[in-house]
Structure formats: structure tokens, C-alpha cells
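The chain contents come next:
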Amino acid sequence: RTLQPTLKYSDKIEFGEDKNHIFAKVGESYYSFRKVSLTYPDLSSYKAKTIFDRSVLVDAGEITRSFELVGQVLDPRLSRIGMTLNGDIELSTASENGSISDTVEAEIDFEGFTTGYNFNYIVPILKQTEGEIALQFAREERKTGDTYPIRISYTRQNVNSSFDIGAMSDMGAK
């Protein structure tokens, strides 16, 4: 905001200041302005909390089809699909409607684990992908057990994109 419009009512401006403010008096009007600090934190000292150090390449159509197949018997209150990575990727769920699992071929060159993801979050993202995509995982140690957030990375129309999705911690991660 500028003081310029108020100058037509008075030709005298008085200024004052304290540690956090600047004050101005124009005629009978008083104004206060907060001082802005132009110091910025040193972000180079911060490190990412999540390091995606496990990666597997899969066909987008195949993994999407598998999630949709397993999603047919989901418990609608939880929308949870388990994912076991151990040689291949196995997706599974169980509810009062039954249980189902499906396997997607993949070359996994890291120690396997089990985790889970919300169907309603992961499938819309997978539907945007095509061709070969990278599923990247990070291990997060928690009191309730380890979880494995997932990053879905893909290229579409020469644009690289990625989405991060948190894991559901009560899937019995191993």
C-alpha cells in the first residue's frame, strides 16, 4: 500500500519506527507497516526424510489391470489393497465379499516386503500412465511397523512426472 493518495490531503508526513514496525502520520491519519525480514533459512542443511531407494519397472496397463481386478472385492470402508514384493508383485485383499490376489511379473532385486495402499488414491494415478513405469519405494520405520511409501514415475508426451503416495501402516509390513 502506498501513501501517495493521502498526500493530496496533507503536505507533511511524519515517520517513526520500533523494532517490528514503521509508523507514518499524514495529516490526521496514522499508518503502521510491519517490517519484513529478508533473511531466508539455509535449506541446504535440510535432508529429505524419505529416500526412495528401491525401484521396480512394470507395465502400466498390467499393474492397473491387477489393481482393478483385486479392487472388485474391496471393503469399501478401508479401500486397502495389500502389495507383496518378493520376486514378483502380488496384490491382494480380503473382505466379507471374499478374498482375491493377482500377480504382476517384475524383476525385483531388493529384499521383499509387504505393504498396502489405498485403492482410491493409487488407481486414478495409474490410469494416467502408459508404457513402462517405475514404482519406487522408501522404508519408513514406525512404532507400528515399517511402512513403504510409493512413488509412481512415468513419462507421458515427453514430460516426466511422479506422484508420491503414503502407505497404509496396518497392512502388516514385513
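Now for a description of the structure that goes with this document. (Residues numbered from 1 in each chain as written. Predicted model: local features only at pLDDT ≥ 70, side-chain atom pairs only at ≥ 80, totals over all residues. Heavy atoms only, no water.)

Quick look at the sheet that holds strand β8 (residues 113-118)
Consider a sheet: its strands pair through backbone hydrogen bonds, and that pairing is either parallel or antiparallel.
Thought 1: One open sheet holds the 4 strands; their spatial order is β7-β6-β5-β8, and the pairing between them is antiparallel. Since the sheet does not close on itself, it has two edges, and those belong to β7 (98-104) and β8, each with one partner. Sheet twist, expressed as the mean angle between neighbouring strand axes with direction ignored, is 25°.
Thought 2: In this structure, strand β6 (residues 88-95) lies alongside β7, joined through 7 bridges in antiparallel fashion. Looking across to β7, one finds that S92 is bridged to S101.
Thought 3: Where helix α1 (residues 60-70) meets the sheet, it contacts β5 (80-86), β6 and β7, and its direction lies at approximately 170° from that of β7.
Thought 4: Set on the sheet, helix α2 (residues 119-127) makes contact with β5 and β8; between it and β8 the angle comes to about 85°. (Pairing = 2+ DSSP bridges. Helix = DSSP H or I, 4+ residues; strand = E, 2+ residues; numbered from the N terminus. Axes fitted to C-alpha atoms, helices over the stretch in contact; angles between N-to-C directions. Contact = heavy atoms within 4.5 Å.)

Observations concerning the pattern of salt bridges
Thought 1: Per the counting criterion, the structure on display carries 6 salt bridges.
Thought 2: Of the charged contacts in the structure, one is a salt bridge between E17 and K35, with a shortest N-O distance of 2.7 Å. In this pair, E17 is assigned in strand β1 (residues 13-17) and K35 in the loop between β3 (29-34) and β4 (54-59), connecting sequence segments 18 residues apart.
Thought 3: A relative accessible area of 33% places K35 in the partly exposed class.
Thought 4: The salt bridge partner of E68 is K127, with a shortest N-O separation of 3.2 Å. You can see E68 sitting in helix α1 and its partner K127 sitting in helix α2, a full 59 residues away along the chain. (Salt bridge = Lys/Arg side-chain N within 4 Å of Asp/Glu carboxyl O. Buried < 20%, exposed > 50% of the residue type's maximum accessible area, 1.4 Å probe, protein only.)

Some remarks on the nonpolar core
Thought 1: I63, I89, L135, F137 and I152 are the most contacted members of the largest nonpolar core, which totals 32 residues.
Thought 2: Going through the elements one at a time, β4, α1, β5, β6, β8, α2, β9 (132-137) and β10 (150-156) are the ones with two or more residues in this core.
Thought 3: Ranked by the residues each element gives to this core, the list is headed by α2, at 5 residues.
Thought 4: When neighbours within four sequence positions are excluded, I152 is seen to be in contact with I122, I125, L126, T129, I133, A134, L135, S161, S162, F163 and I165. (Core = buried A, V, L, I, M, F, W, Y, C linked by side-chain atoms within 4.5 Å.)

Description of the sheet that holds β10
Thought 1: Strand order in the open sheet made by the 4 strands is β4-β9-β10-β11, with antiparallel pairing throughout. Because the sheet does not close on itself, it has two edges, and the strands there are β4 and β11 (159-165). The sheet shows a mean angle of 20° between the axes of neighbouring strands, taken without regard to direction.
Thought 2: The pairing of β4 with β9 spans 6 bridges and is classified as antiparallel. Residue pairing for β9: V58 is matched across the bridge by I133.
Thought 3: Running over the sheet, α1 touches β4 and β9 and is turned about 90° from β4.

Considering α1
Thought 1: What α1 keeps buried is the set A60, I63, T64, S66, F67 and V70. In an axial view of α1, the angular spread of the buried residues amounts to 160°, which keeps them on one side of the axis.
Thought 2: Its buried side turned inward, α1 meets β4, β5, β6, β7, α2 and β9.
Thought 3: One side-chain oxygen at the N-terminal end of α1 lies 3.2 Å from the backbone nitrogen of G61; it belongs to D59. (Arc of directions from axis to C-beta. Polar contact = N/O pair within 3.5 Å; in protein donor to acceptor, adjacent residues only side chain to side chain.)

A look at α2
Thought 1: Within α2, the full set of buried residues consists of F119, I122, V123, I125 and L126. All buried residues of α2 lie within an arc of 165° about the axis, which places them on one face of the element. Looking at α2, the residues exposed on the side facing more than 90 degrees away from the buried face are Y121 and K127.
Thought 2: Taken together, the buried residues of α2 touch α1, β5, β8, β9, β10 and β11.
Thought 3: A side-chain oxygen of the first residue of α2 lies 2.8 Å from the backbone nitrogen of N120; this N-cap is N118.

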